[in-house]
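# Examining the three-dimensional arrangement
So you can see what is in the structure, the chains are spelled out below.
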Amino acid sequence: MTIYNRIRYLLFAAAVLLLAAGPSAAQTTVDRDTLYQVSTIDALMAGVYDGSFTCGDIRRHGNYGIGTFQALDGEMVVVDGHVYQVAYDGSVHEMDDAVRTPFAAVTWFEPDISFTLRNVASIKELEQAIDDRLPKKNMFYTVRVQGRFESVTARSVPAQEKPYPPLAVAAKKQNVFHLGPAVGELVGFRCPAFAEKVNVVGYHLHYIAADRQSGGHLLDLAGGPFTVLVDETPSFHLDVPTSGPFQEIDLSGDRTKALEEVEQ
Ligand SMILES: [Zn+2]
């Protein structure tokens, strides 16, 4: 190699290295502490059940999270990069990347905090026990609770037909499951007060059994011991539909009371 060719080669090699390492490394670091979400909870409350994003889109932004499916067809639980549907009848199905979602949130789960809870008598007790160990009031936290569930009360919702009713109406037809004893886990988020209208303020957890045969939106539980894993998620990325009903409805107004009824 002549000196000239050698310099050209070195410059080329340096450019390749920069291209390979630079942007992707930076993006990975940012993305991994990001709560990625499509649409808003108030749009879902208002009956925007047609999805502009797919399960494949969701899986590109995280491996743990929760949501729902096209036409409000059941509860979504994302675990280990698998997207599960807990259908209205309680059956659990792994969903294809092409299936659409009107509302979902995920993150790349890397726990910063972990602790054990021995005996938990109710969802209120669980939330209080986790709150006691999470001193930051205005942080997005991704929460996983793994262990032995003595009992779980969970629900799913039926797929809706157009014209879509608001979520408060659709959720009245919810199917409530009394599950356990079983080994399983809870997946979800604790969102800060400023996330109002965008996501559920406080805890929003979905349950899935270790055998992936049952699950749903968590209403109550008892059991233990539980391993609680928490990922501080200080970055937030929201993608909203750029056309269709989401861009046509009035999203002003306070839906907190109705949301409380839907969640509990
Ligand atoms: Zn839910």
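Residues numbered from 1 in each chain as written. Predicted model: local features only at pLDDT ≥ 70, side-chain atom pairs only at ≥ 80, totals over all residues. Heavy atoms only, no water.

The test is simple: UniProt positions are given in the numbering used here, feature names are shortened, and annotations may be inferred rather than shown by experiment.
An unreviewed UniProt entry lists the chain under the name Alpha-acetolactate decarboxylase, from Oceanidesulfovibrio marinus. Here the chain is described in UniProt, under the heading Sequence similarities (unreviewed entry), as follows: "Belongs to the alpha-acetolactate decarboxylase family." According to UniProt, the comment filed for the chain under the heading Catalytic activity (unreviewed entry) is "(2S)-2-acetolactate + H(+) = (R)-acetoin + CO2".

## Quick notes on the coordination of the zinc ion
Ideal geometry at a metal centre: 109.5 degrees between donors when four sit tetrahedrally, and 90 or 180 degrees when six sit octahedrally. Put simply, the test is: Donor criterion used throughout: N, O or S atom within 2.8 Å of the metal, extended to 3.2 Å for Na, K and Ca. Water excluded; incomplete-looking sites may result. In DSSP terms, a helix is any run of H or I states spanning at least four residues, a strand is any run of E spanning at least two, and both are numbered starting from the N terminus. The buried label goes to any residue with under 20% of its type's maximum accessible area, the exposed label to any with over 50%, and the partly exposed label to all in between, with areas taken from a 1.4 Å probe on protein chains only.
Around the zinc ion, the protein contributes the donor atoms His204 (NE2), His206 (NE2) and His217 (ND1), which lie 2.0 to 2.1 Å from the metal centre. When the donor residues of the zinc ion are listed from N- to C-terminus, their spacing reads H-x1-H-x10-H. Of this pair, His204 sits in strand S13 (residues 202–209) while His217 sits in strand S14 (residues 215–232), and the two are 13 residues apart along the sequence. One exposure class covers both His204 and His217, and it is buried.

## Remarks on helix H6 (residues 256–263)
Filter applied, for reference: Read the arc as the range of directions from the helix axis to the C-beta atoms. The contact rule is simple, with two residues in contact once any of their heavy atoms fall within 4.5 Å.
Taken together, the buried positions of H6 are Leu259, Val262 and Glu263. For H6, the angular spread of buried residues about the axis comes to 90 degrees, placing them on one side. Those residues of H6 that are exposed and angled more than 90 degrees off the buried face are Lys257 and Glu261. Looking at the packing, one finds that the buried side of H6 touches helix H2 (41–45), strand S10 (141–156), helix H5 (167–170), S13 and S14.

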